[in-house]
There are 2 protein chains.
Amino acid sequence: MHINLFAFAAGHHTSAWRAPDSSSGRLGDITYWEHLARVAERGRLDAVFLADGQSADLDGVGSGPLWFLEPVTTLTALARATERIGLVTTISASFWSPFHAARMLASLDHISGGRAGINVVTSMNDSEARNHGMPALPPHAERYARAEEFISVINRLWDSFPSAAVLDDASTRWGDSARLSTLDHSGDFFAVAGPLNIPAPPQGRPVLFQAGASDPGRNLAARHAEGVYAVAWDLEMAREYRLDVRRRAEAVGRDPDELVVMPGLVTYVARTEEEAREKQRALNALLPVADALKGLSYFIDQDTSGWELDAPVPALPPLAEFTGPAGRYATILRIIESTHPTVRELLGYLAAGGGHATFVGTPEQIADEMQRWVDGGGADGFNLMPPSLPAGIEDFVDLVIPVLQERGLFRTEYAGATLREHLSD
Amino acid sequence: MHINLFAFAAGHHTSAWRAPDSSSGRLGDITYWEHLARVAERGRLDAVFLADGQSADLDGVGSGPLWFLEPVTTLTALARATERIGLVTTISASFWSPFHAARMLASLDHISGGRAGINVVTSMNDSEARNHGMPALPPHAERYARAEEFISVINRLWDSFPSAAVLDDASTRWGDSARLSTLDHSGDFFAVAGPLNIPAPPQGRPVLFQAGASDPGRNLAARHAEGVYAVAWDLEMAREYRLDVRRRAEAVGRDPDELVVMPGLVTYVARTEEEAREKQRALNALLPVADALKGLSYFIDQDTSGWELDAPVPALPPLAEFTGPAGRYATILRIIESTHPTVRELLGYLAAGGGHATFVGTPEQIADEMQRWVDGGGADGFNLMPPSLPAGIEDFVDLVIPVLQERGLFRTEYAGATLREHLSD
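Residues numbered from 1 in each chain as written. Chains lettered and ligands numbered in written order. Predicted model: local features only at pLDDT ≥ 70, side-chain atom pairs only at ≥ 80, totals over all residues. Heavy atoms only, no water.

Caption draft 1: Local environment of the pattern of salt bridges. Enumeration according to the criterion identifies 56 salt bridges over all chains in this entry. Here Arg205 of chain B and Asp159 of chain B are joined by a salt bridge, their closest N and O atoms 2.6 Å apart. In this pair, Arg205 of chain B sits in the loop between strand E6 (191-192) and strand E7 (207-210) while Asp159 of chain B sits in helix H5 (residues 140-160), placing the two residues 46 residues apart along the sequence. Put simply, Arg277 of chain B and Glu273 of chain B hold a salt bridge, and the shortest N to O gap is 3.3 Å. Placement of the pair is Arg277 of chain B and Glu273 of chain B together in helix H8 (residues 273-284), with a separation of four residues, close to one helical turn. The partly exposed category is assigned to Glu273 of chain B, whose relative accessible area is 32%. Here the salt bridges share partners, and the residues they tie into one network are Asp215, Arg218, Glu240, Asp244 and Arg248 of chain A. (Salt bridge = Lys/Arg side-chain N within 4 Å of Asp/Glu carboxyl O. Helix = DSSP H or I, 4+ residues; strand = E, 2+ residues; numbered from the N terminus. Buried < 20%, exposed > 50% of the residue type's maximum accessible area, 1.4 Å probe, protein only.)

Caption draft 2: Structural context of helix H13 (residues 391-406) of chain B. All names here are of chain B. Compared with an ideal rise of 1.5 Å per residue, which puts 16 residues at 22 Å, H13 spans 22 Å between its outermost C-alpha atoms and is within 8% of the ideal. When the local axis directions of H13 are compared, the greatest deviation, roughly 35°, occurs at Val400, which is followed within four positions by the proline Pro402. Taken together, the buried positions of H13 are occupied by Gly392, Ile393, Phe396, Val397, Leu399, Val400, Ile401, Val403 and Leu404. Residues of H13 that are buried make contact with strand E1 (2-6), helix H1 (30-42), strand E9 (260-269), helix H12 (363-375) and strand E11 (381-384). (Expected span 1.5 Å × (residues − 1). Bend = angle between axes of the 7 residues up to and from the residue. Contact = heavy atoms within 4.5 Å.)

Caption draft 3: The arrangement of the interface of chain A and chain B in detail. Each partner contributes to the interface: chain A provides 66 residues, whereas chain B provides 66 residues. For the pairing of chain A and chain B, the buried interface totals around 5500 Å² over both sides, and the portion due to carbon and sulfur atoms is 62%. By the criterion of area lost to chain B, the three top residues of chain A are Phe68, Arg103 and Trp174 of chain A, representing 13% of everything that side buries. Two residues, Glu34 of chain A and Arg80 of chain B, come together in a salt bridge whose shortest N-O distance is 2.6 Å. Taken together, the links from chain A to chain B amount to 32 residue pairs in polar contact (both at pLDDT 80 or more). Breaking the side of chain A that touches chain B down by element, the ones donating at least two residues are helix H1 (30-42), helix H2 (71-81), helix H3 (98-111) and strand E6 (191-192) of chain A. Considering only residue class, the side of chain A that touches chain B consists of 29 nonpolar, 26 polar and 11 charged. (Buried area = accessible area lost by both parts, 1.4 Å probe. Polar contact = N/O pair within 3.5 Å; in protein donor to acceptor, adjacent residues only side chain to side chain. Nonpolar A, V, L, I, M, F, W, Y, C, P; charged D, E, K, R; others polar.)

Read these as spatial facts, not as claims about activity.
Dropping the structure here:
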């Protein structure tokens, strides 16, 4: 089983920053992030993963912290605060020059001794495009075509300056230019001559992650990804997704076992189930209910203003009758069906992870569920999304990891030194 | 007096990597760079500065190491290995999106606690342009116009998310969007909506450096720079340059004392003058003479193949009769005039720093010269370019710094915490 820590702000619950002991005042303090990484490494997790966005959420800045430190710089600092854990940054193929991206990732791979990973995304907001010289985001299909070309170019750049080209022979030559290769790439989106101006790092190519949910996204993951971040509320959705990307990988000639599929996972864990539920309730109680209800109203296309917060969610029309975006609505129906939540509880599930798997209970209960997902073909591992940080990852590492280790489901020591080795052990 | 360490490869002498004890095998090892930064910090230097280039020198890769680790990632690691010293990266306005650049520098400023600096350059090689989607470098004037707009945009981005916009008030709002400002910039080269997606770092705006030698370069430095890296072989050239940029700064309404002008400085230092000269001779002896002579032949537009290496340089025509690029030729004439070198010695001066001031001698002799330059109006400080590393900076910090400190010319402790404070103390 493989486990990533997806470190985000003061935690993934949108109200995490409102808690009295919240870390929201420390988001610009690198020692906060170093602590998270060290805890994750103490738990022998595969990697720390950072998402990214290229704009401030101007309207949403009141509702909670979003972006703060930039991820490549953050992960470089984390490389020097840790020894073995992988470091995965998000890079938008829509806004990065592939030469800059390939170079920074190679540099991070050198600095970390072979622990760099790159999660290639295509970005989702026009506000991001407007910070990088475009009036709006290109259409979805064009963004994916661009990402495809982006990945091809960065791979070729990483191959263009092999470490064997460094001779360091004082009597003759420092490098052997005959071993460097140019790309002379001229495509639909990029023109890059190459070679890269940094010798190949320990991993050669940093590990490639993808999180595609759409059809072109799944194809991109199937063609290129070694790690795949997935979204699934329950095992059935997880299995459908995992089998689908594995099929697509096979169809392009890859061994599907090369793909490590990791659904996002929100956990509330404590020594007793009641204590765990209390943690969840405490965070949900901090939700600004009016705003959250308004958000829900938008997702389900219904007036929710008369709903009683502590009553069960009223019956909703079946998926087939819903005319808005189906994905989110389907998830909401499944949350209701599986947890029979009150309105407030539903808002809480959506506020923490927004439709990602949410396990609440004792360490044994959490481990049971994780095992059930892996055994059931829904996951090769998980992308942990702790509702609040640092407590959420401390709890997980101190309580759940030992149970997984006892059961022989998770490593007790790193076997290898690089992120690629972690993902394949 | 202000002193930067310009850390480069195995040292600034092109043959440094050929020495038996050279660090050329450690250029991808971050602990090498950390050691350099810690030594510089032990000497209470203002900053570590890294140059940058956006292409591998394909033809020159045999003749010595050029670029290896990428500078922003490197300096981020150095931020965590040091406590007070400034960290100055080079960023090319010709190839960077200003949003990425402003964001990474703000992030580095947070991570380092207010020690980030940015040296804005316009780049010089078509090979760099071809790695970033352009068939060739834009003309000089266009690059400087672009750099001017780039600086304006990054400054506005740094101002767009003031730290006071972070309220972190759990009962109401995390941020106050009314205190954020958009740029809605649409210029000749960039379109950037803003605001930046990172709250303002400790310094507000990271410190801006420039190294312009041309007319537009000097104007850019005069308008925007807080630190200026200069090239001068002797005090007369240094004084001419410094007075000129100060005049230009005054002409645009700035206090010229806001500019810290730092000529590059190559030093060979030892307890005796003879020992120092021996260090210089030892590095010069490693020069691949045929290549170096060919390079000289090109600069002076003469056939040098018959020149005797250990004889004095033959008489050269005066500057007025030279029809090639005048700057480099003038420097060569000045080197000959001031040092009466043998051919091999001239090649050595050009190989280490290529026309930057070169002081050889005891700690007292070096300190005398530095003092003479500062007192003579040629420098507010120096950008140290040790011919070999780490020895060159270790020697300087252990031998020269104590003399400067004894004379009251250099700080014995950092007075402030930020790079901007170092530059103004």
